[in-house]
Amino acid sequence: MARTHVIGAGMAGLGAAVALARAGRAVTLWEAAPRAGGRCRSHHDAMLGCVIDNGNHLVLSGNRAVSDHLATIGAADRLVGPAEACVPFVDMATGRRWAVRPNRGRLPWWLVSAARRPPGFGWADVAASVRLLRAGTEATLGELLPTGPTRAGFWEPLVLAVMNAPLDAAAARPMAAVLRETFARGGAACRPLVARASLADTFVDPALAYLGAHGAEVRLGRRIQGLEWRGDGDVAALRLDGGEAVGLGPDDRAILAVPPSIARTLLPDCPVPEGDSAIVNVHFRLERAAPEPVPGVPLVGLVGAAAHWVFLRGDIASVTVSAADALAEVPADRIVAAVWPEVAAALGLDAAVAPPARVVKERRATFRQTPANQALRPPAGRYGHRLLLAGDWTDTGLPATIEGSLRSGRRAADLALQNG
Ligand SMILES: Cc1cc2nc3c(=O)[nH]c(=O)nc-3n(C[C@H](O)[C@H](O)[C@H](O)COP(=O)(O)OP(=O)(O)OC[C@H]3O[C@@H](n4cnc5c(N)ncnc54)[C@H](O)[C@@H]3O)c2cc1C
């Protein structure tokens, strides 16, 4: 029976393996780490005494690969968020608060409502949005977006969250794809959603349970050290960490779903984006759950602060700082000291009482999402006859996100099924 070997149990690999298992294909999923999830994972933190994620992950209700995948693995109810699109902000310099609230339908009348649009949003922003949707491959967001008050109060937090890059470096094209699939489709497609209990509980454990129930083999803690090649240039075998080789039969396929730094070592001839961007998260264990700035919305954007976003889950308040290469070099206690007063102010807490905190530095959170690197993304899918590529860094048209990863995994699985 034809078997597909999936290498890497991040979102792309899990997405591919689930799609294959669903179609009845024999699957083996190889993961180097002792647990699945890759850059989207959770663990129990002994000091905080609770489960935390490696970082806050936000998805939008318009992310259709996320919805399809969670429905397949029986976890559709494990994302939570408001019933209507709403993203609250606070300006740390002035204390001013507002919320961006796109209306449900496609006709964007929210842009003419002062209670729903970002402060200062006007014709320059509408014109910039149109320019953005038509952006060329070389364009950065910094060139296209207006320089008025909405730059710092709306566009910058949005771009940092989606692209993990500052405006002047971030490629415009992938951001345009996100806007087309979310904001341009109305508020129903841009409700902010987060994992209910943890990333593992929503994205990882149900996928592993699904794979187990469908007879897939999951090999955690098994690193693929190398690929062996046939004379015709296609892959012949996977070489494991212990030195043993797993040969591929004529109808077998392999899907490489590893991060770009590993793809570069396994496939030296494959174009791979260069350089990574860090994300720093700080998880504070509060004495008790803090009230959400807008009830039912578990996050708030901070303007003019070191902390970019604060997410709330029970008594955990978690800060995200994106494009954080410099901050990742700062000692954890100094990061905590810098962001705690901002968190306290945003949530209306007493800044004098600093709660226990855990800093998680993800130095390789995403590839550096510049125009130059867009050109280096290989197509998601075929690399040889029997080897397929997946991962957030492949050319999905989207930024490096869960949605992009899942789509790349799905595409690779579809190709493996067509040819098996
Ligand atoms: C802190 C942080 C915050 C983020 N926030 C968001 C967000 O808000 N919204 C969003 O949509 N996305 C967000 N992302 C991005 C998202 O997490 C990634 O795009 C996605 O998880 C990437 O999945 P992947 O499967 O492509 O790669 P990975 O998650 O890197 O998975 C690759 C897997 O391959 C394994 N592997 C590596 N080498 C080998 C080998 N030789 N053999 C076998 N296995 C191997 C790795 O251990 C890993 O498990 C965030 C990322 C981080 C780090």
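See the structure printed just above.
Per chain, residue numbering runs from 1 following the sequence as it is written. Totals for whole chains, interfaces and linings use all residues, but because this is a predicted model, local features are given only for residues with pLDDT of at least 70 and pairs of side-chain atoms are given and counted only at 80 or more. Where side-chain values are given, they derive from all heavy atoms of the structure, hydrogens and water being excluded.

Now for the overall build of the chain. In terms of helices and strands, the chain carries 11 helices and 21 strands. The globule rule puts the C-alpha radius of gyration for 420 residues at 22 Å, and the 22 Å found for the chain is close to it. Projected onto its principal axes, the C-alpha coordinates of the chain cover approximately 65 × 50 × 40 Å. The proportion of buried residues among the 420 residues of the chain is 56%. Expressed as a percentage of contacts within the chain between residues at least 6 apart in sequence, the contacts between residues at least 24 apart total 67%. Helix and strand assignments come from DSSP, with helices taken as H or I runs of at least 4 residues and strands as E runs of at least 2, each series counted from the N terminus. For the radius of gyration, the atoms used are the C-alpha atoms, and the globule rule reads 2.2 Å times the number of residues raised to 0.38. Exposed residues in this analysis have more than 50% of their type's maximum accessible area, buried residues have under 20%, and partly exposed residues fall in between, with area computed by a 1.4 Å probe over protein chains only. Throughout, a residue-residue contact means that at least one pair of heavy atoms, one from each residue, lies within 4.5 Å.

Strand pairing follows a simple DSSP-based rule, namely that at least 2 bridges must link the two strands. Taking strand neighbours across the sheet as the criterion, the 3 strands line up as β11-β12-β13 in an open arrangement whose pairing is antiparallel. Edge positions in the sheet fall to β11 (224-229) and β13 (245-247), since each has one partner strand and no second. In this sheet, neighbouring strand axes are inclined to one another by 25° on average, regardless of whether the strands run parallel or antiparallel. All axes are obtained by fitting lines to C-alpha atoms, using only the stretch in contact for helices, and the reported angles, taken between N-to-C directions, cover 0 to 180 degrees.

As a further point, take the layout of surface pockets. Here a cavity is any set of points on a 1 Å grid over the protein atoms alone where a 1.4 Å probe fits but cannot get out, and a pocket is any open set with protein on both sides within 12 Å along at least 5 of 7 lines; a residue lines the site when it has an atom within 4 Å of a point. Grid points are joined across faces, edges and corners, and a volume is the space filled by probe spheres set on the points. Put simply, the second largest pocket is a space of about 320 Å³. For the lining of the second largest pocket, the secondary-structure elements that each account for two or more residues are α3 (123-133) and α5 (149-163). Considering each element in turn, the lining of the second largest pocket owes the most residues, 4 residues, to α3. Residues are grouped as follows: nonpolar covers Ala, Val, Leu, Ile, Met, Phe, Trp, Tyr, Cys and Pro; charged covers Asp, Glu, Lys and Arg; every other residue, Gly included, is treated as polar. Split by residue class, the lining of the second largest pocket holds 13 nonpolar, 1 polar and 1 charged.

Let's shift gears to the environment of Pro378. Take Pro378: it is sitting in the loop between α10 (371-374) and β20 (381-382). Note: C-alpha distance between Pro378 and Leu240 (138 residues apart in sequence) is 25 Å.

A word on the site of the ligand. Think of it this way: one heavy atom of a residue within 4 Å of a molecule or strand is enough to make that residue near it. Around the ligand lies a shell of 35 residues, among which Glu31, Arg39, His57, Leu58 and Asp392 are the nearest. Polar contact is defined as a pair of N or O atoms within 3.5 Å, subject to the rule that within protein one atom must be able to donate a hydrogen and the other to accept it, and that residues adjacent in sequence are counted only when both atoms are side-chain atoms. At 2.9 Å, a backbone N or O of Ala12 approaches an oxygen atom of the ligand. One nitrogen or oxygen atom from the main chain of Ile224 is found 2.9 Å from a nitrogen atom belonging to the ligand. Summarising the interface, the protein chains cover 93% of the accessible area of the ligand, which totals 1,000 Å² for the free molecule. Looking at the shell around the ligand, the elements that each hand over two or more residues are α1 (11-22), β2 (26-31), β15 (276-285), β19 (357-367) and α11 (402-419). In terms of residue class, the shell around the ligand is built from 17 nonpolar, 12 polar and 6 charged. Taken together, domain 1 (3-32 + 221-274 + 370-419) and domain 2 (44-82 + 276-367) each give at least three residues to the shell around the ligand, which thus spans both. A 1.4 Å probe and the Shrake-Rupley method give the accessible areas. Residues count as covered only by the protein chains that appear here. Domain borders in the structure are assigned automatically or taken from a domain database.

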